[in-house]
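Reading the structure
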Amino acid sequence: MIEIRNLQFQPLTFNLSGQGTLHLGPRERKSIARKDLSAEIKTAGKRGLVRITDLTGGAEPEPEKPTVTEDAGTDEAKTTSKRRK
């Protein structure tokens, strides 16, 4: 099962890969079968219109966040100025 959540404040309508359509109200969530997931819905997920979550396995992998290195920490210390009196 796939859960699709509308992230917009307006209703959205998508064609399913099988027959039929999916209507999502503002901020609404609905579950569909994996076989009904269409390219149109995947594109909307890439554009940030909807969030697609796989309920059988887990959520889609989130992008990695950059980590702070020691060099970045020392550079930040060098750029901070002392408070004037």
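Located above this text is the structure these notes cover.
I will try to describe carefully the structure that is included in this document. Worth saying up front: this structure is predicted, and the values here are computed from it rather than measured.

Turning our eyes to something else, we now look at the overall build of the protein chain. In terms of helices and strands, the protein chain carries two helices and five strands. From first element to last, N terminus to C terminus, the protein chain shows the α and β order β-β-β-β-α-β-α. Every one of the 85 residues in the protein chain was classed for burial, and the buried ones make up 24%. By sequence separation, contacts in the protein chain at least 24 residues apart represent 50% of the contacts at least 6 residues apart. Summed over all atoms, the accessible surface of the protein chain reaches about 7100 Å², with 50% contributed by carbon and sulfur.

The next subject is the nonpolar core. Counting 13 residues, the largest nonpolar core has I4, F14, L22, I32, I41 and V50 as the members making the most contacts within it. Of all elements in the fold, only β1 (2-6), β2 (12-15), β3 (21-24), α1 (39-47) and β5 (50-54) reach the threshold of two or more residues within this core. Residue contacts for I32: discarding those within four places in its chain leaves M1, I2, I4, L16, L22, L37 and I41.

Here we take up the sheet that holds β5. Taking strand neighbours across the sheet as the criterion, the three strands line up as β4-β1-β5 in an open arrangement whose pairing is antiparallel. The sheet terminates laterally at β4 (29-32) and β5, the two strands that pair on one side only. The average angle at which neighbouring strand axes cross in this sheet is 20 degrees, direction not considered. In the sheet, β1 pairs with β5 via five bridges, with the strands oriented antiparallel.

Conventions used here
- Residues numbered from 1 in each chain as written.
- Predicted model: local features only at pLDDT ≥ 70, side-chain atom pairs only at ≥ 80, totals over all residues.
- Heavy atoms only, no water.
- Helix = DSSP H or I, 4+ residues; strand = E, 2+ residues; numbered from the N terminus.
- Buried < 20%, exposed > 50% of the residue type's maximum accessible area, 1.4 Å probe, protein only.
- Contact = heavy atoms within 4.5 Å.
- Areas by Shrake-Rupley, 256 points an atom, 1.4 Å probe, with all protein chains shown as cover.
- Core = buried A, V, L, I, M, F, W, Y, C linked by side-chain atoms within 4.5 Å.
- Pairing = 2+ DSSP bridges.
- Axes fitted to C-alpha atoms, helices over the stretch in contact; angles between N-to-C directions.

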